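This is what each chain is made of:
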Amino acid sequence: INLTYSLDYPRENNTKITFVDLLKRTMQAENSTRHILCNRCGNYTPCQDKAILESLPYILQLNCGMSSSDSEFWQHQVLIHKQEDHKSCPQGSNCSNSECKLSHGVEQSSWLPLNFHIKAPNEQGQGSLQFARGLFDDKENSKAGVFEYELCSVIAMIDAPGSQGLMLHSLVDRSYHQRQGIDDCGWYLFNGCSATGTHNKEATSFGQSWKTPCTIVYKQVKLPKELFHHSTPNPHELFTPFNLIPGPNLIPLGANENLTKGELVGIGLSVDPAPSCILRIVLVRGQGVHEGIPFSHDVCPTNYAPEGHQNVKLLYFKIKCLVDRGLILVGHSITKQLKYLNIHIPAQQYIDTAELYRPPHSGAVPPLQFLCPRILEVDNVPGAHNDAVFSLQLYEKFLDLKRAGQFEKTLKAIHSE
């Protein structure tokens, strides 16, 4: 499924080479430093090794190296590519020469290609692997034996004043944007736990001294569906005491306690004051014997420190487990909370009590400190646990008032005080 290579750079950094040729050089590397004992003369004889690919992987991972000479190589190749890209071909878009390296009036490309294809030898084993930039568009020849790859991830090291670390550019599966009705190129920048939309130009932009590529990943354009089959994790494996951080009144899920589709789960989020600035997320049962009792308490650093990444990852798995099993999350201003956590949940699987009690024709969102004394007749004590419990109670009160036909009257009364 996956093959990993370390790019085999030329010894001279100023050597002109395309990325596709560099890839071919890497995947079909020749090594003449090995010595084998000869059975005839008894001496060690130099032997030349050559890598021969028998099959091509679904995912191709390329390690780019981190030395200063590797960075200089990238800067030099990008500079040469830009200079050639600015040279215009006299025939413009009518040029029929497939090997022409001049610009044809199209948008400037990057030295790192967004896609390429490899043509394997025929069934008789005749010919050799052919590497070419871009997707296969030869309509005169069969597409059999052609493997098309597209860039899907780029990890780069950033070393700029005031900003050091790794960042990931990743291509999100197009089916996600189709389901959400988003017209987007699909590229996102992940920096710590922050995810923002970006463009493929930024992912393939190198040549700066402060940005060095570490790992590049290509995948085949057409992948078998069975590669994307992921089983839903067992909640009793995720919400075990081993994965739980001690908290007030916390009771882990029991062996006979099942989370079934349609059940309500309260979610509360709070941030401890400086200097700790710790983010706390609490999940509370919405019904059952332990209704109102939390079964999960997660703590994550707000500064996205590396030591906290495992905690954030575990939190994402927990929420994904609840969503996959069809549970409904209830929270106050949960829309903002999910956005803060960079988590997407289908709209039908969360309820925002702040939106339920928003006054008509007003953009103001009533806080829990305002709603709890007027609707629940209790004082709100800030905290992730209380926020989750009060959110569940506010939703139950909303249903009761709706059934009694008193919700609009009550909403008008509390906002007219």
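Q: What am I meant to see in the overall build of the chain here?
A: A tally of helices and strands in the chain yields eleven helices and 16 strands. Here the analysis covers contacts within the chain between residues at least 6 apart in sequence; of these, 56% occur between residues at least 24 apart.

Q: Would you mind going over the sheet that holds strand β13 (residues 278-285) with me for this structure?
A: One key point about sheets: their strands pair by backbone hydrogen bonds, in either a parallel or an antiparallel sense. One open sheet accounts for five strands, arranged β14-β13-β12-β15-β16; its pairing is mixed. Among the strands making up the open sheet, the edge pair consists of β14 (294-301) and β16 (350-352). Going across the sheet, the axis of each strand differs from the next one's by a mean of 25°, ignoring polarity. Here strand β12 (residues 264-271) runs beside β13; their pairing, made up of seven bridges, is antiparallel. Each bridged residue has a counterpart across the sheet, and for glycine 268 the counterpart in β13 is valine 282. Here helix α7 (residues 334-341) sits on the sheet in contact with β12, β13, β15 (328-331) and β16, set at roughly 120° to β16. Set on the sheet, helix α10 (residues 384-404) makes contact with β12, β13, β14, β15 and β16; between it and β12 the angle comes to about 140°.

Q: Before we go on, may I ask you to explain the pairing of strand β7 (residues 146-160) in this structure?
A: Side-chain direction in a regular strand flips from residue to residue, so the side chains alternate between the two faces of the sheet. When you tally the buried positions in β7, you get eleven out of 15 residues, the bulk of the element. Note: strand β5 (residues 115-119) against β7, five bridges, orientation antiparallel. Note that in β7 the partner of lysine 119 across the bridge is valine 146. As paired strands, β7 and strand β11 (residues 211-220) are joined by nine bridges and run antiparallel to one another. Among the inter-strand pairings, isoleucine 158 is bridged to a residue of β11, identified as lysine 211. Two strands pair when backbone bridges link them, and β7 and strand β8 (residues 163-171) are joined in this way by eight bridges, in the antiparallel orientation. Across the sheet, residue aspartate 159 finds its bridge partner in β8, namely glutamine 164.

Q: Would you explain the nonpolar core in this entry?
A: Side chains of a nonpolar character, in soluble globular proteins, are inclined to be buried together. Within the largest apolar cluster, 38 residues are counted, with the highest numbers of intra-cluster contacts made by Phe19, Leu60, Leu62, Trp74, Leu112, Ile216 and Tyr218. Those elements that provide at least two residues to this core are α1 (19-27), β4 (59-63), α2 (68-85), β5, β7, β8, β9 (187-191) and β11. Sequence-distant contacts of tryptophan 74, that is, excluding residues within four places in its chain, are made with Leu7, Tyr9, Phe19, Cys64, Trp111, Leu112, Phe206, Pro213 and Ile216. Core analysis: the next-biggest nonpolar cluster, separate from the first, contains 26 residues, Leu259, Leu315, Cys321 and Ile334 among them.

Q: Help me understand the state of the cysteines, please; the structure alone is not making it clear to me.
A: A covalent bond between the sulfur atoms of two cysteines is referred to as a disulfide. Summed over all chains, the structure comprises zero disulfides. Not part of a disulfide, cysteine 64 finds its nearest cysteine sulfur in cysteine 214, a span of 7.4 Å. A residue is classified by how much of its surface remains accessible, and cysteine 64, at 2% relative accessible area, is buried.

Conventions adopted
Residue indices begin from 1 for each chain and proceed along its sequence in written order. Whole-chain, interface and lining totals are the exception, using all residues; otherwise, since this is a predicted model, local features are given only for residues with pLDDT of at least 70 and side-chain atom pairs are given and counted only at 80 or more. Computation of side-chain values covers all heavy atoms of the structure but excludes hydrogens and water. Starting at the N terminus, helices and strands are each numbered in turn, a helix being any DSSP run of H or I of at least four residues and a strand any DSSP run of E of at least two. When checking whether two residues touch, look at their non-hydrogen atoms; a contact exists if any pair is within 4.5 Å. Strands are treated as partners if at least two bridges between them are detected by DSSP. Simply put, an axis is a line fit to the C-alpha atoms, just over the touching stretch for a helix, and the angle between two N-to-C directions goes from 0 to 180 degrees. Classification of residues uses two cut-offs on accessible area relative to the type maximum, computed with a 1.4 Å probe and protein chains only: under 20% is buried, over 50% is exposed, and between them is partly exposed. Residues belong to a common nonpolar core when they are buried Ala, Val, Leu, Ile, Met, Phe, Trp, Tyr or Cys residues joined through side-chain atoms within 4.5 Å. When two cysteine sulfur atoms are found within 2.5 Å, that pair is recorded as a disulfide.

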